[in-house]
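Residues per chain, in single letters:
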Amino acid sequence: MLYAIVGEDVPNSLERRLASRPAHLARLLELEAAGRMVLGGPFPAIDTADPGPAGFCGSLIVAEFDSLAAAQAWADADPYVAAGVYGRVTVRPFKQVLPKS
C-alpha cells in the first residue's frame, strides 16, 4: 500500500538539511531502485523552485510499504529526523487516483 510521509521542518533548518541531505537522498534512491517510490521532494519556504537562503519548510514522500508500522519505522529512521531538521513527521495511508498507475 502507498503511504504519504510529510516532514515539517523546524525553523532555521537549512544548514542541518544541507548537511544531512546526502544520507536522506540515499534512502530515497533505495526506495526508487526497489520500485517503491511514487514521488518525493521538499516544500520551498517561499513561492519559488529555488528558495535560496529561505530554505525549505518540509518534505513530502509517497512510497509503498508493507504496513503503516513499516512506513512509520522508515520515517522515524530518516536522517533528517536524526539531524533535527524535522520537528514533526506525519505518516498516513495514501490512495493514488491520478495519474493512473
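You'll find the structure just up there.
Residues numbered from 1 in each chain as written. Predicted model: local features only at pLDDT ≥ 70, side-chain atom pairs only at ≥ 80, totals over all residues. Heavy atoms only, no water.

### Quick word on the pattern of salt bridges
Within the structure shown, the criterion is met by three salt bridges. A salt bridge links Arg-88 to Glu-8; the nearest nitrogen and oxygen atoms lie 3.8 Å apart. Residue Arg-88 is found in strand 4 (residues 86-94), and its partner Glu-8 is found in strand 1 (residues 2-9); the two are separated by 80 residues along the sequence. Put simply, Arg-17 and Asp-9 hold a salt bridge, and the shortest N to O gap is 2.8 Å. (Salt bridge = Lys/Arg side-chain N within 4 Å of Asp/Glu carboxyl O. Helix = DSSP H or I, 4+ residues; strand = E, 2+ residues; numbered from the N terminus.)

### Considering helix 1 (residues 14-33)
For helix 1, which comprises 20 residues, the first-to-last C-alpha distance of 27 Å matches the rise-based estimate of 28 Å (1.5 Å per residue) to within 8%. Restricting attention to buried positions, one finds in helix 1 the residues Arg-17, Ser-20, His-24, Arg-27, Leu-28 and Leu-31. Among the residues trailing helix 1, Gly-35 stands out with phi positive, at a value near 75°. (Expected span 1.5 Å × (residues − 1). Buried < 20%, exposed > 50% of the residue type's maximum accessible area, 1.4 Å probe, protein only.)

### Topic: helix 2 (residues 68-76)
Restricting attention to buried positions, one finds in helix 2 the residues Ala-71, Trp-74 and Ala-75. Along helix 2, the residues classed as buried sweep out an arc of 100° about the axis, all on the same side. (Arc of directions from axis to C-beta.)

### Some points on the nonpolar core
Within the largest apolar cluster, eleven residues are counted, these being Tyr-3, Ile-5, Leu-28, Leu-31, Ile-61, Ala-63, Phe-65, Ala-71, Trp-74, Ala-75 and Val-91. Looking at this core, the elements with two or more residues in it are strand 1, helix 1, strand 3 (56-64) and helix 2. Per-element accounting of this core gives the leading share, three residues, to helix 2. In this structure, Phe-65 is in contact with Met-1, Tyr-3, Ile-5, Leu-31, Arg-36, Ala-70, Ala-71 and Trp-74, ignoring residues within four places of it in sequence. (Core = buried A, V, L, I, M, F, W, Y, C linked by side-chain atoms within 4.5 Å. Contact = heavy atoms within 4.5 Å.)

Structural measurements only, silent on function.
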